[in-house]
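# Remarks on the overall topology
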Amino acid sequence: MNKLLVPLISLGLALSFASGVRAAKMDKLSLETTAFKAGAAIPTRFTGDGADLSPELRWSAVPKGTVSIAVSCEDPDAPRGTWWHWILYNLPPAMQSLKEGMEKTPNLASGALQGLNDFDKSGYNGPSPPPGSTHRYFFRVYALDSKLNLPAGAKKEAFSKALAGHILGFGEVMGTYKR
């Protein structure tokens, strides 16, 4: 299977390209980080081998009608299928960045919530793949037409399902890591 399709399939096509009608109208968001260049290696400080800090992220203005923003980080190259490193949702639509080293709590001061990653923890837990091949880590931002009706600590399946049909804009940046 084409490795470029894996992240979309792993998302359960929650984008479903946002229910067909929105797919054609979905805005592309620019997502950037100062932590690493797109497609380049993620520095150790942002991994499980280092300080395990979330990288700083910045995105372009969101489309009109955006009610909330969500962020995720996934590794589609994990041995047991896509491994989720971060699930963050219900950020205010005026936000256009996240600071480096976000808190690892279920409830953030901004009112945003964090789901449980595949380490069964709230917040970001960075790359820590088995030794061997290089893994890709997709940081994603979603502009949504509603807040997600999920409690803090939601799992990836609930998050993916809640995204479906609500995505107005989408952006991603990918970094790599190898042990």
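Structural notes, computed from the coordinates. (Residues numbered from 1 in each chain as written. Predicted model: local features only at pLDDT ≥ 70, side-chain atom pairs only at ≥ 80, totals over all residues. Heavy atoms only, no water.)

### A short note on the overall build of the protein chain
In terms of helices and strands, the protein chain carries 3 helices and 9 strands. Mapped in sequence order, the helices and strands of the protein chain form the string α-α-β-β-β-β-β-β-β-β-α-β. By residue count, 47% of the 179 residues in the protein chain fall in the buried class. Summarising the internal contacts of the protein chain: among those between residues at least 6 apart in sequence, 73% fall at separations of at least 24. (Helix = DSSP H or I, 4+ residues; strand = E, 2+ residues; numbered from the N terminus. Buried < 20%, exposed > 50% of the residue type's maximum accessible area, 1.4 Å probe, protein only. Contact = heavy atoms within 4.5 Å.)

### Quick notes on the packing of aromatic side chains
In this structure the tally under the stated criterion is 8 aromatic pairs. Taken together, a centroid distance of 5.9 Å and an interplanar angle of 45 degrees make the contact between phenylalanine 36 and phenylalanine 139 tilted. Of this pair, phenylalanine 36 sits in the loop between β2 (31–32) and β3 (57–59) while phenylalanine 139 sits in strand β8 (residues 135–144), and the two are 103 residues apart along the sequence. For the pair phenylalanine 36 and phenylalanine 139, one class covers both residues: buried. Aromatic pair tyrosine 142 and phenylalanine 159: ring centres 6.2 Å apart, planes at 75 degrees, arrangement edge-to-face. With tyrosine 142 in strand β8 and phenylalanine 159 in helix α3 (residues 156–163), the pair connects residues that are 17 residues apart, well separated along the chain. For the pair formed by tyrosine 142 and phenylalanine 159, the shared burial category is buried. (Phe/Tyr/Trp six-rings, centres within 6.5 Å; stacked < 30°, edge-to-face > 60°.)

### Side note on the side chain of asparagine 125
Along the chain, asparagine 125 turns up in the loop between β7 (113–114) and β8. The class of asparagine 125 is buried, set by a relative accessible area of 8%. Within polar-contact distance, the side chain of asparagine 125 engages the side chain of aspartate 52 at 3.0 Å. Setting aside residues up to four positions removed in sequence, asparagine 125 forms contacts with Asp52, His85, Lys104, Asn117 and Phe119. (Polar contact = N/O pair within 3.5 Å; in protein donor to acceptor, adjacent residues only side chain to side chain.)

### A look at the pattern of salt bridges
Two side chains that carry opposite charge are able to pair once their charged atoms sit near each other. Applying the stated criterion across every chain, the model contains 11 salt bridges. One salt bridge connects arginine 45 with glutamate 100, and the closest N-O pair in it is separated by 2.0 Å. Here the residue arginine 45 occupies a position in the loop between β2 and β3, and glutamate 100 occupies one in the loop between β6 (97–98) and β7, the gap between them amounting to 55 residues. Judged by its relative accessible area of 34%, glutamate 100 falls in the partly exposed class. Residue aspartate 52 pairs with lysine 104 through a salt bridge whose shortest N-O separation is 3.3 Å. With aspartate 52 in the loop between β2 and β3 and lysine 104 in the loop between β6 and β7, this residue pair connects regions lying 52 residues apart in the sequence. Judged by relative accessible area, lysine 104 falls into the partly exposed class, the value being 38%. Salt bridges here are not isolated pairs; linked through shared partners, they connect Glu32, Glu56 and Arg58. (Salt bridge = Lys/Arg side-chain N within 4 Å of Asp/Glu carboxyl O.)

### Brief notes about α3
Considered for burial, the residues of α3 that qualify are Phe159, Ser160 and Leu163. When α3 is viewed along its axis, its buried side chains cluster within an angular range of 95 degrees and face the same direction. α3 presents Glu157 and Lys161 as exposed residues on the side facing more than 90 degrees away from its buried surface. Turning to α3, the residues buried within the fold contact β4 (68–75), β5 (83–91), β8 and β9 (167–177). One or two positions beyond α3, positive phi appears at glycine 165, with a value near 80 degrees. (Arc of directions from axis to C-beta.)

### A short note on unusual backbone geometry
Positive phi values are uncommon outside glycine, yet aspartate 52 reaches one of about 60 degrees. At aspartate 120, a position not held by glycine, the phi torsion is positive, near 65 degrees. Position of aspartate 120 among the secondary structure elements: in the loop between β7 and β8.

Any functional reading would require information that these geometric values do not contain.
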